[in-house]
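# Remarks on the overall topology
Okay, here's what each chain looks like letter by letter:
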Amino acid sequence: MESVFDIDRYITRTIDPHRMQDYCPNGLQVQGREHVSHVISGVTASEAFLKAAIKGGADAVLVHHGYFWRGEDPLITGMKRRRIGLLLEANVSLLAYHLPLDLHQELGNNAQLANVLGLVFEGTLSAGGVDGLLFYGHLEAPMSAEMFAACVSQVLGRQAMAVGDPGRQIERVAWCSGGAQGYIELAAQEGFDAYISGEISEQTTHIARENGLLYLAAGHHATERYGVQALGKHLTQHLQLTHEFIDIDNPA
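Summary of the structure given here. The numbers attached to residues start from 1 for each chain and follow its sequence in the written order. Two thresholds apply to this predicted model, a pLDDT of at least 70 for residue-level local features and 80 or more for giving and counting side-chain atom pairs, whereas whole-chain, interface and lining totals are computed over all residues. Where side-chain values are given, they derive from all heavy atoms of the structure, hydrogens and water being excluded.

## Describing the sheet that holds strand β11 (residues 194–197)
Ordered by their spatial adjacency, six strands build an open sheet running β7-β8-β10-β11-β12-β9, and the pairing between neighbours is mixed. The sheet is open, and its two borders are formed by β7 (119–127) and β9 (161–163), each paired with just one other strand. On average, each strand axis in the sheet is inclined to that of its neighbour by 25°, with strand direction left out of account. One bridge is not enough; two strands pair if DSSP finds at least two bridges between them. Helix numbering and strand numbering both begin at the N terminus, where a helix is a DSSP run of H or I of at least 4 residues and a strand a DSSP run of E of at least 2. The sheet contact formed by β9 and strand β12 (residues 214–217) spans three bridges and is antiparallel. From the neighbouring strand, Met161 faces β12, where its bridge partner is Ala217. Those strands touched by helix α6 (residues 145–156) are β7, β8 (130–144), β9, β10 (169–175), β11 and β12, and its axis lies near 115° from that of β8. To define axes, lines are fitted to C-alpha atoms, for helices over the stretch in contact only, and angles between the resulting N-to-C directions are given on a 0 to 180 degree scale. Residues are treated as being in contact if the distance between any of their heavy atoms lies within 4.5 Å.

And the structure:
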């Protein structure tokens, strides 16, 4: 059993959330009971996830997408009231880490995405004003774009939307989980064969086609399931905690 404040301090030391500006506060967002023995992680602190976590006996929940985003309505009403009400009524804490959990080169979403997809990590590039946000590397064995798209879809359990020549040979790959399709031009400028992110915009298609680049929209949720799992497992190895992951399906 650990203090929720000690857990937050440990995570802060581990992933260093204060080294960058983010779109939301990172760390303990909603305080519940102080003493924590069981942590349940998930991608987003949705109402469905919170109900499942509370039913599963969580003392605290650990997510990538928490609350209090920049520019959102600050009033605690409607959907936000229901979500926060669930936490307060159950006395469960909410710990949320956004960009720091994308960037971390061992436990983060991008590092873990490389692991599950079999990508050989080489380094990072700055993107969107954030140092180290775009990851890049290569495939151990080059393959066609069609085959690579099929492999990504199979591993993530979601049909990736592929834009580009299906016969193109893919070796050098860049990736950034979630809603990072806007960095496709950077990937094209750097000469990568393929770029993977979670979502696709209208202009993403044209940029991929006109630069001869394979773009894979592999799912915002699907590409960001792995960081919280890795962090949760890490906590069990260094603190007196148990951990489980609950996946609430999201087609986006």
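Following the structure, the description resumes.
## Digging into helix α8 (residues 202–210)
The complete set of buried residues in α8 reads Thr204, Thr205, Ile207 and Ala208. Each element contacted by the buried residues of α8 is listed here: β9, α7 (184–189) and β12. Backbone geometry just downstream of α8 places Gly212 in the positive-phi region, at approximately 65°. In this scheme, a residue with accessible area under 20% of its type's maximum is buried, one over 50% is exposed, and one in between is partly exposed, where area comes from a 1.4 Å probe on protein chains only.

## With respect to the pairing of β11
With burial as the criterion, each face of β11 is covered, one bearing Ala194 and Ile196 and the other bearing Tyr195 and Ser197. Note: β10 against β11, three bridges, orientation parallel. Bridge pairing links Val173 to Ala194 in β11. Bridge count for β11 against β12 is four bridges, and the pairing is parallel. When the bridges of β12 are listed, Ile196 appears paired with Leu216. Crossovers are described as right-handed under a simple rule: with the strands pointing away from the observer, the path leading from the first strand over the helix to the second runs clockwise. With α8 bridging β11 and the parallel β12, this β-α-β connection has right-handed handedness.

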